[in-house]
Amino acid sequence: GSVGTETLYQQFSIPAAATATLKFWMVIGTNETTTTLANDTLKVQVRSSSGGLLATLATYSNLDSIGMTDYVQKTFDLSAYAGQTIRIYFEGTENGTLSTSFLLDDFELNTTGGAPATLPAITTHPATKSVSAGATVDFTVVATGTPTLYYQWRKNGVVIPSATSSTYTIAS
């Protein structure tokens, strides 16, 4: 594992007076051996359109992988956010001891009278790379979702200014 925080979000509007349900499938795989420490976590949050935290729907960790051998469907009621533009925000944090993978698939946002939205999903995570000192290196993430996705790269949990595309290059 490596120390770091990765985030991904999708912004959308829930119609006024609508009921809304978020659904997705998840499986957790880990190399962690602890049965008591949540070393790696994934938070599922609702944030305002400006990024302010409204609620944490769930926090999953390496401990949740115990007994999880196949995908499990997760469902959250978002009806409390009717009439608002919100972001569904995923924040994964790894402490660097051993790696944990949070695999998410088949997202749906169902609203009364509306079609499912396509929520964000990372289809290809940035690869670990080793390069010679002074060499340039590129990191790329591939994600799907509509409307347009927004990206923000971080190093050790700190935002890297202007690193807001799907590829981040560290120049020599």
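Refer to the structure above for everything that follows.
Residues numbered from 1 in each chain as written. Predicted model: local features only at pLDDT ≥ 70, side-chain atom pairs only at ≥ 80, totals over all residues. Heavy atoms only, no water.

A.B. asks: Quick rundown of the nonpolar core? Include the residues and the values.
C.D. replies: The nonpolar side chains of soluble globular proteins are, as a tendency, buried together. If you look at the biggest cluster of nonpolar residues, it comprises 26 residues, and the most contacted ones within it are Leu78 and Ile88. Of all the secondary structure elements, the ones that give two or more residues to this core are strand S2 (20–30), strand S3 (41–48), strand S4 (53–61), strand S6 (85–95) and strand S7 (100–111). Here this core takes 6 residues from S2, the largest share from any one element. Once residues within four sequence positions are removed from consideration, Ile88 is found in contact with Leu8, Tyr9, Gln10, Phe12, Leu22, Gln45, Val46, Leu78 and Leu119. (Core = buried A, V, L, I, M, F, W, Y, C linked by side-chain atoms within 4.5 Å. Buried < 20%, exposed > 50% of the residue type's maximum accessible area, 1.4 Å probe, protein only. Helix = DSSP H or I, 4+ residues; strand = E, 2+ residues; numbered from the N terminus. Contact = heavy atoms within 4.5 Å.)

A.B. asks: Quick one: what's the story with the side chain of Glu32, residue by residue and with numbers?
C.D. replies: Of note, Glu32 is situated in the loop between S2 and S3. Filtering out sequence-adjacent residues up to four positions away, Glu32 remains in contact with Asn39, Asp40, Asn62, Asn95, Thr97, Leu98, Ser99 and Thr100.

A.B. asks: How would you summarise the packing of aromatic side chains if you had to cite specific residues and measurements?
C.D. replies: In the structure shown here, the tally under the stated rule is 7 aromatic pairs. Judged by centre distance (5.5 Å) and plane angle (80 degrees), the rings of Phe90 and Phe107 are edge-to-face. With Phe90 in strand S6 and Phe107 in strand S7, this pair connects stretches of sequence that are 17 residues apart. When sorted by exposure, Phe90 lands in the same class as Phe107, which is buried. (Phe/Tyr/Trp six-rings, centres within 6.5 Å; stacked < 30°, edge-to-face > 60°.)

A.B. asks: Any details on the sheet that holds S7? Residues and values, ideally.
C.D. replies: One open sheet holds the 3 strands; their spatial order is S5-S2-S7, and the pairing between them is antiparallel. Looking at strand neighbours, the two that pair on one side only are strand S5 (72–77) and S7, the edges of this open sheet. Strand-to-strand twist in this sheet, taken as the mean axis angle between neighbours without regard to direction, amounts to 25 degrees. Taken together, the 10 bridges between S2 and S7 define a ladder with antiparallel strand orientation. The residue of S7 that forms the bridge with Trp25 is Asp105. (Pairing = 2+ DSSP bridges. Axes fitted to C-alpha atoms, helices over the stretch in contact; angles between N-to-C directions.)

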